[in-house]
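So the chains spell out like this:
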Amino acid sequence: MKFKLLALTSFIGLSTVLSGCGETKTTGIEPQTMTDALFKVMEADRTVYTKLIIGRLAKKEKVIKASEHWKDEKALVLPAQMFRYGAERVAEKTSDFSYSLLSLWPVNAQNKPKTDIEKAGLKFIAENPGQNYYGKETLGDTTYFTAVYPDVAVAEACISCHNKHKDSPRTDFKLGEVMGGVVIRLPIKS
Amino acid sequence: MMKLFNNIWTLWLLSTLLILGYLTYIFNVEEKGIFSPGKLTHGHHQIEMACSSCHTEPLGGGEVIQDACVNCHKEELKISDDSHPKSKFTDPRNISRVKELDARVCVTCHTEHRTKITKSMGVTIPEDFCVKCHSEIAEDRPSHKGMEFTSCASAGCHNYHDNRALYEDFLEKHIDEPHHLPEGKIKSVSSLEEITTSAGYPISKYPVKKLTGTDIELHPGIKKDALITEEWSITAHAQAGVSCNACHKVKDDKGVVNWVEKPSHDSCKTCHKSEVKGFLTGKHGMRLNQDLSAMTPAMSRISMKSTAHDKELTCSSCHSSHKFDVKHAAVDACLNCHNDQHSQSYKDSPHFLLWHKETSGQGDKNTGVSCATCHMPREEKELGDQTLILTEHNQNMNLRPNEKMLRSVCMNCHGLGFSINALADKKLIQNNFKGLPKVHNQSIDLVKQRLLKRGKPREGSP
């Protein structure tokens, strides 16, 4: 019961922030608190998938492969795809926030930074390990609070796959290194 | 004076009523042509008079039409693993791309009623649209330097939506395949047992049990016909425990069960959901799907036999009513109507020779190539959590761009490179693949060059 109540209040809290973001009304939660919380969930899920699914089944036990072409190869989806499909699902449901996984050294050229904040943010988190980057940007006629968080090589699987990938511009990623960044955007009052 | 005045008013009232009545009439029958702002494309001309199929609201803009597009084409886009889904363009980081090309809605590239500017695939924007986002491609792929942006999607290398058989790793996987695969064969349709035990099959109503003429029960007043009984008794229907009543007894709107002389696709749908859905989505059944009269060859924009002009297209047009001869449905049914050069050349083609061999008992099962083999291929269909192999009855599903046929059809028997070249050779298509492709597509060459540069030896190379 207690848990339920807690879940409910946090849900209400979350939805106030979310609905507040697109409007002019100010709310109790700062955008940064919000994006930080979102990132924690994303990072945790991403690590769990890489370690418990890819690392265990594909690398260690070799029960099943992980492949970009998972449908054709009857394989596991890659961690980055898992992340992107999630982001696409969210985008179908709401425009209250959006997120993506980018890198200065992307396997998929679509994951290169595009906006000025993305460029500055990715550079900053690569040069300052352990720190995040926050800023505001206007895209179209909407202003966003944009946060960039480091995406770190948490498992051997990350670096072995990227370093060997034919489209990867870098072949010397090391464990623990920043490989790219998670960019989260909230529309805010300009 | 007053009388004259009254008369004028009566006349005005009468003519207004008449005009109103006429407008209401033409809006409610199939004669809406005068309202059409221009002819429709090949894809939609059959349903031109069903305005509300797309204009779901009288004053709807792009978004309303978008819902209509998605309503019919959603599944196709999903199956084809759309390379440019809407979600790519709703992401705020891509807003600058949306300004170049608003690919969030279909009508940006596929505007209807604009025959003068409509190109193949119903595209109504200039062919070099790829440049809007991919102008820097030569930097990532130096091999693409100097290539025309009009050629990205016209040379058989890339498609905007469906690249399932064209992506680099796929080309690499099938890099050195021969023209003919040694074990090439067409898939078999799932067995009676697999089909009747699949999700949604009305097994409790029609338990699988071989029936003969003596098992037939008819509606009161209907007499048994010896010829029909004989034709039916050798069909899969008789094997599967499906007799006359299963199709001919139909519930009407009030729930009363009547005997229907000519059952519609609704009866077939009871057991053949996937097939009927395909039929209704494709060019053969799309009019029925919009509650218009059945399609006839006379309405078609492609060459049809004059002897067939008034034939109506329903399930039984190809399958007949009781024999359900799939061999007939796979070739002769098509050629009874279709009269274009590709169809006319079929019986003179190597594919037909194989079909002739198989059907005359000289060739192995699933080695013949009929019209249906390519245009209504047997494909994996997901029903619940089961995968069945069923015939795709939407003949349009893999027709355009024709690279859609690579995986579902050609590559069952041919190597990828050979197939890409064949599909790019317009003359070869016209004569129904009699001879070797004279067109050479360079996709696989580029993959080979890139492999060499990478220094990774290919499997099988010295």
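Residues numbered from 1 in each chain as written. Chains lettered and ligands numbered in written order. Predicted model: local features only at pLDDT ≥ 70, side-chain atom pairs only at ≥ 80, totals over all residues. Heavy atoms only, no water.

Novice: Tell me about the interface of chain A and chain B, and name the residues and values.
Specialist: Of the residues lining the interface, 21 residues belong to chain A; the matching set on chain B comes to 21 residues. Carbon and sulfur atoms supply 40% of the area that chain A and chain B bury against each other, a total of about 1,800 Å² over both sides. Sorting the residues of chain A by area buried against chain B places Asp72, Lys114 and Lys166 of chain A first, and these three jointly supply 33% of that buried surface. Taking the shortest distance from any N to any O, the salt bridge between Arg407 of chain B and Asp72 of chain A comes out at 2.4 Å. Inspection of the region where chain A meets chain B yields 10 residue pairs in polar contact (both at pLDDT 80 or more). Those elements that provide at least two residues to the side of chain A that touches chain B are helix H3 (70–73) and strand S1 (98–102) of chain A. Taken together, the residues of the side of chain A that touches chain B sort by class into five nonpolar, five polar and 11 charged. (Contact = heavy atoms within 4.5 Å. Buried area = accessible area lost by both parts, 1.4 Å probe. Salt bridge = Lys/Arg side-chain N within 4 Å of Asp/Glu carboxyl O. Polar contact = N/O pair within 3.5 Å; in protein donor to acceptor, adjacent residues only side chain to side chain. Helix = DSSP H or I, 4+ residues; strand = E, 2+ residues; numbered from the N terminus. Nonpolar A, V, L, I, M, F, W, Y, C, P; charged D, E, K, R; others polar.)

Novice: Would you mind going over the domain arrangement of chain B in detail, with residue names and values included?
Specialist: Residues and elements named next belong to chain B. Domain annotation of chain B identifies domain 1 (45–126) and domain 2 (192–413). Placing a centre on the C-alpha atoms of domain 1 and another on those of domain 2 gives a separation of 31 Å. Between domain 1 and domain 2, the contact holds 11 residues from the first and 15 residues from the second. In total, domain 1 and domain 2 occlude about 1,200 Å² of area from one another, counting both sides; carbon and sulfur atoms represent 61% of this. Between the two partners, domain 1 and domain 2, sit one salt bridge. (Domains from an automatic or database assignment.)

Novice: A description of the nonpolar core should follow, citing residues and the corresponding values.
Specialist: Counting residues in hydrophobic clusters, the biggest one holds 19 residues, and the most contacted among them are Leu171, Leu406, Leu416 and Ile420 of chain B. Those elements that place two or more of their residues in this core are helix H7 (168–173), helix H21 (405–408), helix H22 (416–424) and helix H24 (443–454) of chain B. Here Leu406 of chain B is in contact with Ala165, Leu166, Met411, Leu416, Ser419, Ile420 and Leu423 of chain B, once residues within four sequence places are set aside. By size, the runner-up hydrophobic cluster in this structure holds 16 residues, among which are Met34, Phe97, Phe145 and Tyr149 of chain A. (Core = buried A, V, L, I, M, F, W, Y, C linked by side-chain atoms within 4.5 Å. Buried < 20%, exposed > 50% of the residue type's maximum accessible area, 1.4 Å probe, protein only.)

Novice: Got a sec to walk through the packing of aromatic side chains? Specific residues and values, please.
Specialist: Residues and elements named next belong to chain A. For the coordinates displayed, the defined rule picks out 12 aromatic pairs over all chains. Pairing Phe83 with Tyr99 gives two aromatic rings, centres 5.3 Å apart and planes at 80°, and the pair type is edge-to-face. Here Phe83, found in helix H4 (residues 79–93), pairs with Tyr99, found in strand S1; they are 16 residues apart in sequence, far enough to count as distant. Of the residues examined, Tyr99 reaches a relative accessible area of 13% and is grouped as buried. (Phe/Tyr/Trp six-rings, centres within 6.5 Å; stacked < 30°, edge-to-face > 60°.)

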